[in-house]
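# Geometric and topological summary
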Amino acid sequence: QVQLVESGGGLVQAWGSLRLSCAASGRTFRSSAMGWFRQATGKEREFVAFISTNGDLPNYADSVKCRFTISRDNAQNTVYLQMNSLKPEDTAVYYCAVRRIPYGSILRVSSYDYWGQGTQVTVSS
């Protein structure tokens, strides 16, 4: 069983920055790829960013590319999402997720096994 706890969300003005953290329990973190998703009110959960087990070849949704950066610290069992130049349309609940088995598209919710409870990010205009 893996438990994930997100933190770092909050209210920020447009063009501001936030850094989200996701702390994972369990010994499978280092062998698991990780993802960040978000869900705005009334919308489906959507892919934001992905990072492999060793941190290379990150992948981003087009809507956040060049603004967001995903990273991980395997010694701390933590994955991060640095969000810069935030826009009102980035407002959503942000979730981190564990992908233990490399099967299926990294863009799909169903390709991830465990989820955190989410952290709210609100960007004001």
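Up top is the structure these notes are about.
Here's a quick rundown of the structure. Along each chain, numbering runs from 1 in the same order as the chain's sequence is written. Per-residue local features of the predicted model are confined to residues with pLDDT of at least 70, and side-chain atom pairs are confined, for both listing and counting, to 80 or more; whole-chain, interface and lining totals are unaffected and use all residues. Heavy atoms throughout the structure, all of them, feed into the side-chain values; hydrogens and water do not.

What the protein chain contains, in helices and strands, is zero helices and 11 strands. Secondary structure elements of the protein chain occur, N-terminal to C-terminal, as β-β-β-β-β-β-β-β-β-β-β. Within these notes, the globule rule equals 2.2 Å times the number of residues to the 0.38 power, and the radius of gyration is based on C-alpha atoms. Since a compact globule built from 125 residues should have a radius of gyration of about 14 Å, the 13 Å found for the protein chain is in line with a globular shape. Projected onto its principal axes, the C-alpha coordinates of the protein chain cover approximately 40 × 25 × 25 Å. Sorting the 125 residues of the protein chain into buried and exposed places 44% on the buried side. Throughout, a contact is declared for two residues whenever any of their heavy atoms are within 4.5 Å. Considering only contacts within the protein chain whose residues lie at least 6 apart along the sequence, 57% involve residues at least 24 apart. With residues, only the protein chains shown are counted as cover, and all accessible areas are computed by Shrake-Rupley using a 1.4 Å probe. Split by element, the accessible area of the protein chain, about 6,700 Å² in all, is 48% carbon and sulfur. Just so you know, the count uses Lys and Arg for positive and Asp and Glu for negative, and it drops His and the chain ends. We put the charge of a Lys on NZ, of an Arg on CZ, of an Asp on CG and of a Glu on CD. Distance between charge centres in the protein chain, computed from 13 positive and 9 negative side chains, equals 4 Å. Helix and strand labels come from DSSP, where a helix needs a run of H or I of at least four residues and a strand needs a run of E of at least two; each type is numbered from the N terminus. For each residue, the accessible area found with a 1.4 Å probe, counting protein chains only, is set against the maximum for its type, and the residue is called buried under 20%, exposed over 50%, and partly exposed in between.

A separate point is the side chain of Ser111. Along the chain, Ser111 turns up in the loop between strand S9 (92–99) and strand S10 (114–115). Among the polar contacts listed, one links the side chain of Ser111 to the backbone oxygen of Ser105, at a separation of 2.6 Å. Once residues lying within four places of it in the same chain are set aside, the contact partners of Ser111 are Arg99, Tyr103, Gly104 and Ser105. Polar contact is the term for a pair of N or O atoms within 3.5 Å; when the atoms are in protein, one must be able to donate a hydrogen and the other to accept it, and sequence-neighboring residues count only if both atoms are side-chain atoms.

Summarising the element assignment, Thr78 is placed in strand S8 (residues 78–83). Polar side-chain contacts of Thr78 include one of 2.8 Å to the backbone oxygen of Gln76.

This part is about the packing of aromatic side chains. Here a Phe, Tyr or Trp ring, Trp counted by its six-membered ring, pairs with any other such ring whose centre lies within 6.5 Å, and the pair is stacked when the planes are under 30 degrees apart, edge-to-face when over 60, and tilted otherwise. Inspection of the entire model under this criterion finds four aromatic pairs. Pairing Phe37 with Tyr112 gives two aromatic rings, centres 5.0 Å apart and planes at 80°, and the pair type is edge-to-face. Remark: Tyr112 occurs in the loop between S9 and S10 and Phe37 occurs in strand S4 (residues 33–39); sequence separation between them is 75 residues. There is no split in this pair, since Phe37 and Tyr112 are both buried. Ring geometry for Phe37 and Trp115: centres 5.1 Å apart, planes at 65°, overall edge-to-face. One end of the pair, Phe37, is in strand S4; the other, Trp115, is in strand S10, and 78 residues separate them in sequence. Classification of Trp115 by relative accessible area gives partly exposed; the value is 24%. Each residue in the set Phe37, Phe47, Tyr112 and Trp115 is aromatic and connected to the rest through ring pairs, giving one cluster.

Formed by 36 residues in total, the largest nonpolar core has its most connected members in Leu4, Trp36, Leu81, Met83 and Tyr94. For this core, the secondary-structure elements that each account for two or more residues are strand S3 (18–24), S4, strand S5 (46–51), strand S7 (68–73), S8, S9 and strand S11 (119–124). Only buried residues count toward a nonpolar core. Its members are Ala, Val, Leu, Ile, Met, Phe, Trp, Tyr and Cys residues joined through side-chain atoms within 4.5 Å.

It is worth spelling out the sheet that holds strand S1 (residues 4–7) at this point. Paired strands, in this sense, are two strands between which DSSP finds at least two bridges. If you trace the four strands from one edge of the open sheet to the other, you get S1-S3-S8-S7, paired in antiparallel fashion. Two strands close off the open sheet at either side, each with one partner strand: S1 and S7. Between one strand axis and the next, the sheet turns through 15° on average, direction left out of account. Relative to S3, S1 runs antiparallel, the two being bridged by four bridges. Lines are fitted to the C-alpha atoms to define the axes, a helix being fitted only along its stretch in contact, and any angle between axes, read from their N-to-C directions, falls within 0 to 180 degrees.

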